[in-house]
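Next come the chains, spelled out residue by residue.
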Amino acid sequence: MPRVIVTAYACTPVGELWEHSIQSLGARAVRAALNDVDPRTIDFLLVGNMLSAGICRQENLAAAIAERAGIAGIQALKVEAACAGGGAALKVGHSLVASGECSRVVVLGVEKMTDAAGSESTDALALACDHEHEAMHGMTFAGIASLLTSMYCEEAGCDPEKLGLASVVAHRRASGNPNAMFRNRITQNDWQMSPTVATSLRVLDCAPICDGAAAVVLEPENVFDLRIRGAAELVAVEGATDCLSLSQRTDPIDLPAARESFRRACGKARVNTESIDVFELHDAFPVTLALSFEALGLASRCEGWKIFEQWESDGGNEASLGFYSQTMGGLKARGHPIGATGIYQLIDVLMQMDGTAGQNQIPRPRLGACQIFGGAAANVFTSIVRRIND
Amino acid sequence: MSSNCTAALLKPTSPAFAMEFLETEILSIGTYVPDCRIASHLVRKTVAVDERPRNKSVPGFDEDALTMAVAAAKTAVSRLIDENAAGEQLDLLWCASESKPYAAKPMAATLVAALGLSRYTSAADLEFACRGGTEAFLASAQRVESGEKRVAMVVATDVAQSRPDDELEPVAGAAAAAIVLGKGLQGICRISKGVSYVSDMHDFFRRDGQEYPTHAGRFTGEPAYFHHTALAAERFFAINSVSPADFDHMVCHQPNESFPFKLAERLGFSGGKLKHSMVVNSIGNVYSATLWVAIAKTLSQCKPGETICCISYGSGAGADCFAIKATERVRRAAGRDLPSIEHTLSYGGYLRMAARRGVR
C-alpha cells in the first residue's frame with residue numbers, strides 16, 4: 001500500500017463570513033488548495049460537514065461544491081460524523097488513496113453556521129446529541145458540556161475557574177494566528193465577567209458559532225512531486241465510537257472512544273505517545289480538552305486540568321511538558337466550524353511542520369496527532385501525521 | 001479573505017464644499033417618554049455579571065405610538081419661541097414609526113386634528129425602521145427651504161416591539177419625539193444637508209400580519225449597523241470636507257450601549273463626544289425616537305455654537321448622517337422631558353401592563 005501524502009492545503013480564515021454561502025465558501029477553499037493543479041486529475045471530492053441541511057437547507061452538498069469549484073463530473077461525497085466530519089472525511093480519503101483506488105483526492109471541510117441566528121444554531125447543534133435520550137427532552141450541547149464540567153470538577157476537586165485558564169491560553173495563541181476567529185487576548189478576569197451559559201459554563205468557555213472552509217489534497221507516494229510545499233505523510237486515520245448519550249455511559253468523565261481511536265491510530269502508524277511532538281485536540285470546551293489529555297495518557301484521571309495551570313505558569317513555554325498542544329488557538333479561539341474543524345487541525349500541524357506557523361512556531365515537529373470528537377466523543381477520529389522533508 | 005463588509009468609499013458626485021447650513025432651522029424639539037420603567041436585568045434571559053443599572057421605558061396600558069406622538073407634538077409646539085410658527089403656519093406634518101397602531105390609517109392625520117392644524121396641511125406617515133424620523137426630517141427641511149412649505153413638524157414615535165424572551169426584549173422601550181422646522185422663526189439649531197446610505201437587508205423585519213419582528217442576531221452588527229452608518233458618515237465627511245474633530249458632539253442610533261462607542265471609535269470620534277447623548281441605558285432603544293430623544297438630550301446640555309454630528313440607522317437597512325449647530329437660543333426650546341415621577345415596575349407588573357395593553 002502506498003504511503004498517503006498531503007501535497008497541498010488551504011483554508012479560509014475562521015469567522016463570521018457573512019458574504020459567503022456554504023457553496024461559495026467550500027468552493028473557495030477547494031480552488032485555493034488545487035491552485036494550478038489540473039482539475040481533470042482529481043478522482044474524488046470528500047466534504048466533511050454537519051449542518052448544511054440543518055442550517056443552510058442544502059444537502060447533495062458534495063455535488064454542489066464540485067460544481068461551484070469547477071470540478072463537476074468527478075466523484076463526490078459528503079461525510080457526516082457531527083463535529084468529527086473533517087476527521088471522518090480524512091479517514092475516507094486516506095483509505096481511497098492507500099488502497100490504490102484513487103491517485104488524487106481533495107478532502108474539504110466546510111461549515112456555514114452563521115446562516116442561522118440564536119436558538120436555530122443551538123437546535124442545529126443539538127442534532128449531534130442522542131435525540132431519543134437527550135435532545136427531545138431539551139438537552140443542548142452547552143448543557144452536555146455543563147454536566148460534564150460539573151461532574152469533572154466534583155471528582156477532580158477543582159474549581160471551574162481553573163478550567164477557564166484553557167480559554168485564556170487559547171486566545172493568547174490565536175492572537176498570533178491570522179486565520180483565527182478571535183485575535184483578542186483575554187484575561188482570567190474577562191473569563192470571570194463573561195455571562196453564564198449553563199451551570200459551571202461561561203460564554204468564554206465555549207467554542208464559537210463560526211464559518212470556515214479548509215481543504216487538503218491527498219496523493220499516493222508514487223505520484224508525489226517532491227517540489228510541492230507542505231508535503232507530509234498522513235500516516236493513519238482511525239476512528240472509534242461510544243454511546244451517544246451521557247446517560248448510557250458507565251463513566252461519563254472517561255472517553256473510551258478518544259482513547260481507543262488514538263490507540264488504533266498509533267498502532268497503525270507504529271508510533272507511541274511519547275514520540276508525538278504536537279497534539280491538536282478537541283477543546284470545544286475546557287472539560288473536553290482536559291478529558292482528551294487523560295484519554296491519550298498525557299495526564300492521569302482527573303489531572304488533565306493541571307496542564308492548563310502548567311501552560312499558564314510556564315508563560316506558554318511547553319517544553320517542560322514534553323509535548324505541544326493547541327498551538328494555533330484550538331477550537332476555542334481559532335474557531336470550531338464543526339465539520340471543517342478536523343481539517344483545520346490537520347492544517348495547524350502541517351503549518352508547524354512547514355515552519356509557516358509565524359508567531360506560534362514551535363520547533364518543527366516530526367510527528368503530530370489530531371483528534372476530533374463527534375458529539376460528546378461519541379465518534380472520534382485520530383490522524384497521525386509525519387513530516388517528510390527536513 | 002476578509003469578513004469586513006465596509007466597501008470602498010464611493011466617490012462623491014458633487015464637488016467638495018465647506019459644510020453649509022440651510023436657512024431652515026429647528027425651532028423646537030419636544031419628547032415624550034412614558035413614566036413607567038423596568039430594570040433590564042429582570043427581563044434578561046442570561047445572567048450577566050455586570051449589573052450596572054439599566055432601565056427601559058414601558059408604555060402604559062392606554063398608550064401607543066400615536067398617543068405618545070400627540071404628547072410629544074404638543075410639547076414641541078408649547079416650546080416654540082416664536083408664536084408665529086404655530087397654528088396655520090404649520091403646513092407639513094410627517095410621522096415616522098414602525099409600530100403604527102393601524103397598518104392602514106395614517107397617524108399624521110390624527111396628529112393634524114389633535115394639534116388643531118389647518119386641514120390644508122400636507123401630512124403622511126413614513127417607515128424605515130429606526131431611521132424613519134431622520135429621513136422625514138431631511139426631506140421636510142428641503143420642502144421648507146424651497147419655500148413650498150412654511151413650517152414643518154416631524155414626529156418619530158415607537159413602542160419598540162420584540163418577541164417575548166427574545167434578546168431584544170431587555171432594551172425594547174417606548175418614546176416619541178417631535179421636531180418643528182421653519183425659516184426665520186427664532187430657531188434653536190442650524191441644519192445641514194444629509195447623506196443617506198441604503199441597501200436591501202434582512203437584519204430585522206416584521207412580515208405583514210406577523211405579531212413580532214424577526215431579528216437576525218449577530219448579522220445586525222457588522223454587516224448591518226456598522227456598515228451603513230460608517231458609509232453614510234464617511235461620505236458626509238468627504239463631501240463636506242469635515243472630520244470628527246470638527247464636531248463637539250456625536251449622536252447616533254443606540255440599539256444597545258456598546259454599538260455607539262464602537263462606531264465612534266471606528267469613525268475617529270473620541271468616546272467623550274457621546275457623553276451627553278446616551279439614552280439607551282435609561283429608557284432603552286426607542287426605535288425611531290431614539291436618535292431624536294438623544295439629540296434633544298444633547299441640545300439641552302450643549303452651548304450655543306457647538307456642532308453635533310448625527311447618525312441614524314434603520315434596519316432593512318439604511319443610515320443618514322447630517323450635522324446640526326446650536327444657535328444662541330438653544331437652551332430655550334429643547335429638553336429631555338423626563339416625567340417628574342417614574343414608576344419602577346416589578347416583572348409581574350410589567351407583564352400585567354402588557355396584558356392590559358393587549359400584547360403578550
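Residues numbered from 1 in each chain as written. Chains lettered and ligands numbered in written order. Predicted model: local features only at pLDDT ≥ 70, side-chain atom pairs only at ≥ 80, totals over all residues. Heavy atoms only, no water.

A.B. asks: Looking at this model, I keep getting lost on the overall build of chain A. Mind explaining?
C.D. replies: When helices and strands are counted, chain A shows 12 helices and 12 strands. Taking 390 residues into account, the globule formula puts the C-alpha radius of gyration at 21 Å, and chain A, at 19 Å, falls close to it. Expressed as lengths along the three principal axes of its C-alpha atoms, the size of chain A is roughly 55 × 45 × 40 Å. With 390 residues in all, chain A has 62% of them scored as buried. By element, 48% of the accessible surface of chain A is carried by carbon and sulfur atoms, the whole surface being about 14,300 Å². Positive and negative side-chain charges in chain A, numbering 32 and 45 respectively, have mean positions lying 6 Å apart. (Helix = DSSP H or I, 4+ residues; strand = E, 2+ residues; numbered from the N terminus. Rg over C-alpha atoms; globule rule 2.2 N^0.38 Å. Buried < 20%, exposed > 50% of the residue type's maximum accessible area, 1.4 Å probe, protein only. Areas by Shrake-Rupley, 256 points an atom, 1.4 Å probe, with all protein chains shown as cover. Lys, Arg positive; Asp, Glu negative; His and termini not counted. Charge placed at Lys NZ, Arg CZ, Asp CG, Glu CD.)

A.B. asks: Got a minute to help me understand the packing of helix α5 (residues 221-240) of chain B against helix α6 (residues 259-267) of chain B in this structure?
C.D. replies: A packed helix pair is summarised by two numbers, namely the angle formed by the two axes and the spacing between the axes. Residues and elements named next belong to chain B. One can describe the packing of α5 onto α6 by two numbers: an axis separation of 11 Å at closest approach and a directional angle of 45 degrees. Accordingly, the angle class assigned to the pair α5 and α6 is oblique. For the pair α5 and α6, the sense of crossing is right-handed. Between α5 and α6, the residues in contact are Gly221, Glu222, Tyr225, Phe226, Thr229, Ala230, Ala233, Glu234 and Phe237 and Phe259, Pro260, Lys262, Leu263, Arg266 and Leu267, respectively. Within the contact of α5 with α6, the residues separate by chemical class into 9 nonpolar, 2 polar and 4 charged. (Axes fitted to C-alpha atoms, helices over the stretch in contact; angles between N-to-C directions. Parallel < 35°, antiparallel > 145°, perpendicular 65-115°, else oblique. Left-handed = near helix turned anticlockwise from the far one by under 90°. Contact = heavy atoms within 4.5 Å. Nonpolar A, V, L, I, M, F, W, Y, C, P; charged D, E, K, R; others polar.)

A.B. asks: Sorry if this is basic, but what is going on with the side chain of Arg173(A) here?
C.D. replies: Here Arg173(A) shows up in helix α6 (residues 160-174). Here the side chain of Arg173(A) touches Gln326(A) through a polar contact of 3.2 Å, landing on its backbone oxygen. (Polar contact = N/O pair within 3.5 Å; in protein donor to acceptor, adjacent residues only side chain to side chain.)

A.B. asks: Is there a simple way to explain the pattern of salt bridges in this structure?
C.D. replies: Between side chains of opposite charge, a pair can form as their charged atoms come close. Following the criterion strictly, the structure yields 31 salt bridges over all chains and no others. Residues Asp242(A) and Arg249(A) are paired through a salt bridge, measuring 3.6 Å at the closest nitrogen-oxygen approach. Residue classification places Arg249(A) among the buried positions, given a relative accessible area of 9%. Between Lys303(B) and Glu306(B) there is a salt bridge whose closest N-O contact spans 4.0 Å. Its relative accessible area of 54% is what places Lys303(B) among the exposed residues. With relative accessibility at 15%, the residue Glu306(B) sits in the buried group. Taken together, the shared-partner salt bridges in this structure form one network comprising Arg3(A), Glu221(A), Glu233(A) and Arg386(A). (Salt bridge = Lys/Arg side-chain N within 4 Å of Asp/Glu carboxyl O.)

A.B. asks: Before we go on, may I ask you to explain unusual backbone geometry in this structure?
C.D. replies: Among all residues save glycine, negative phi is the norm, and among peptide bonds the norm is trans. Cis geometry is found at the peptide bond from Gly316(B) to Ala317(B), where omega equals -5 degrees. Among the secondary structure elements, Ala317(B) is positioned in the loop between β13 (307-314) and β14 (318-326). For Arg270(A), which is not glycine, the phi torsion reads 55 degrees and is therefore positive. As for its placement among the helices and strands, Arg270(A) is situated in the loop between α8 (256-269) and β9 (278-280). Note on Arg270(A): relative accessible area 77%, which makes it exposed.

A.B. asks: How should the sheet that holds strand β15 (residues 343-344) of chain B be read in this particular structure?
C.D. replies: Strand pairing in a sheet takes place through backbone hydrogen bonds and is either antiparallel or parallel in direction. Residue and element names in this part refer to chain B. Judged by pairing direction, the sheet is mixed, and its 3 strands sit side by side in the order β3-β2-β15 without closing on themselves. Across the chains shown, the open sheet's two edge strands, defined by having one partner strand only, are β3 (55-58) and β15. When strand β2 (residues 36-39) meets β3, the two strands line up antiparallel, connected through 4 bridges. The partner of Cys36 across the bridge, within β3, is Val58. (Pairing = 2+ DSSP bridges.)

A.B. asks: In this structure, what is going on with the sheet that holds strand β8 (residues 232-241) of chain A? I would like to understand it.
C.D. replies: Residues and elements named next belong to chain A. Taken in spatial order, the 10 strands make up an open sheet running β3-β2-β4-β7-β1-β8-β12-β11-β9-β10, and their pairing is mixed. Of all the strands in the sheet, just β3 (75-79) and β10 (324-325) have a single pairing partner and so form its edges. Bridge count between β8 and strand β12 (residues 379-387): 9 bridges; the pairing is antiparallel. Pairing of Glu238 across the sheet is with Thr382, part of β12. Each of β2 (44-48), β3 and β4 (105-112) is contacted by helix α2 (residues 61-68), which is oriented at about 120 degrees to β2, the strand it contacts most. Along the sheet, α8 contacts β8, β9, β11 (367-374) and β12; its crossing angle with β8, the most-contacted strand, is approximately 145 degrees.

A.B. asks: Got a minute to help me understand the confidence of the model for chain B in this structure?
C.D. replies: A low pLDDT means the predicted coordinates there should not be read in detail. All names here are of chain B. When pLDDT is averaged along chain B, the result is 90; 90% of the residues meet or exceed 70. For chain B, helix α1 (residues 40-43) is the element with the lowest average pLDDT, namely 88, and strand β9 (residues 195-198) is the one with the highest, namely 98. Across residues 1-17, confidence stays below pLDDT 50; counting only partners more than four residues off in sequence or on other chains, it has 36 contacts. For this predicted complex, the interface confidence score (ipTM) comes to 0.81, while the overall pTM stands at 0.88. (pLDDT = per-residue confidence, 0-100.)

A.B. asks: What should I look at first to understand the packing of helix α5 (residues 141-156) of chain A against helix α9 (residues 286-295) of chain A in this one?
C.D. replies: All names here are of chain A. Where α5 meets α9, the axes come as close as 9 Å, and the angle between the chain directions of the two elements is 60 degrees. When the interaxial angle is binned, α5 and α9 end up oblique. Across the interface between the two elements, Ala145, Leu148, Thr149 and Tyr152 of α5 pack against Val287, Ala290, Leu291 and Glu294 of α9. Grouping the amino acids of the contact of α5 with α9 by side-chain chemistry returns 6 nonpolar, 1 polar and 1 charged.

A.B. asks: Honestly, the packing of aromatic side chains in this entry has me stumped. Any pointers?
C.D. replies: When we look at a pair of aromatic rings, we describe it by the centre distance and by the angle of the planes. By the definition in use, this model includes 20 aromatic pairs over all chains. Here Tyr225(B) and Phe259(B) contribute two aromatic rings whose centre-to-centre distance is 5.1 Å and whose plane-to-plane angle is 45 degrees, an arrangement assigned as tilted. You can see Tyr225(B) sitting in helix α5 and its partner Phe259(B) sitting in helix α6, a full 34 residues away along the chain. Pair check on accessibility: Tyr225(B) and Phe259(B) agree, each one buried. In textbook terms, an aromatic cluster arises when at least three aromatic residues are bridged by ring pairs, as seen for Phe262(A), Phe279(A), Phe293(A), Phe308(A), Trp311(A) and Phe323(A). In this arrangement the basic side chain of Arg173(A) is found over the ring face of Trp311(A), its NZ or CZ atom lying 4.6 Å from the centre. Taking the ring centre of Phe61(B) as reference, the NZ or CZ of Arg356(B) above it sits at 4.0 Å. (Phe/Tyr/Trp six-rings, centres within 6.5 Å; stacked < 30°, edge-to-face > 60°. Lys NZ or Arg CZ within 6 Å of the ring centre and 35° of its normal.)

A.B. asks: Honestly, α6(B) in this entry has me stumped. Any pointers?
C.D. replies: Given 3.6 residues to a turn, an α-helix orients residues that are three or four positions apart in the same direction. Residue and element names in this part refer to chain B. Looking only at α6, the buried set comprises Phe259, Pro260, Leu263, Ala264 and Leu267. Relative to the axis of α6, the buried residues are bounded by an arc of 135 degrees and lie together on one face. Those residues of α6 that are buried are in contact with α5, β12 (249-252) and β13. Phi for Gly268, located one or two positions after α6, is positive at around 105 degrees. (Arc of directions from axis to C-beta.)

A.B. asks: Sorry if this is basic, but what is going on with the environment of Ala139(B) here?
C.D. replies: Residue and element names in this part refer to chain B. As for its position among the elements, Ala139 is in helix α4 (residues 132-145). For Ala139, a relative accessible area of 27% corresponds to the partly exposed category. Sequence separation between Ala139 and Met107 is 32 residues, and the spatial gap between their C-alpha atoms is 18 Å.

A.B. asks: Quick question: what am I supposed to make of the state of the cysteines here?
C.D. replies: Among covalent bonds in proteins, the disulfide is the one between the sulfur atoms of two cysteines. All names here are of chain A. Scanning the entire structure with this criterion turns up 0 disulfides over all chains. No disulfide involves Cys56; its sulfur sits 13 Å from that of Cys210, the nearest cysteine. We classify Cys56 as buried; its relative accessible area is 16%. Cys370 supplies the cysteine sulfur nearest to Cys266, a cysteine that is in no disulfide, at a spacing of 12 Å. What makes Cys266 buried here is its relative accessible area of 7%. (Disulfide = S-S within 2.5 Å.)

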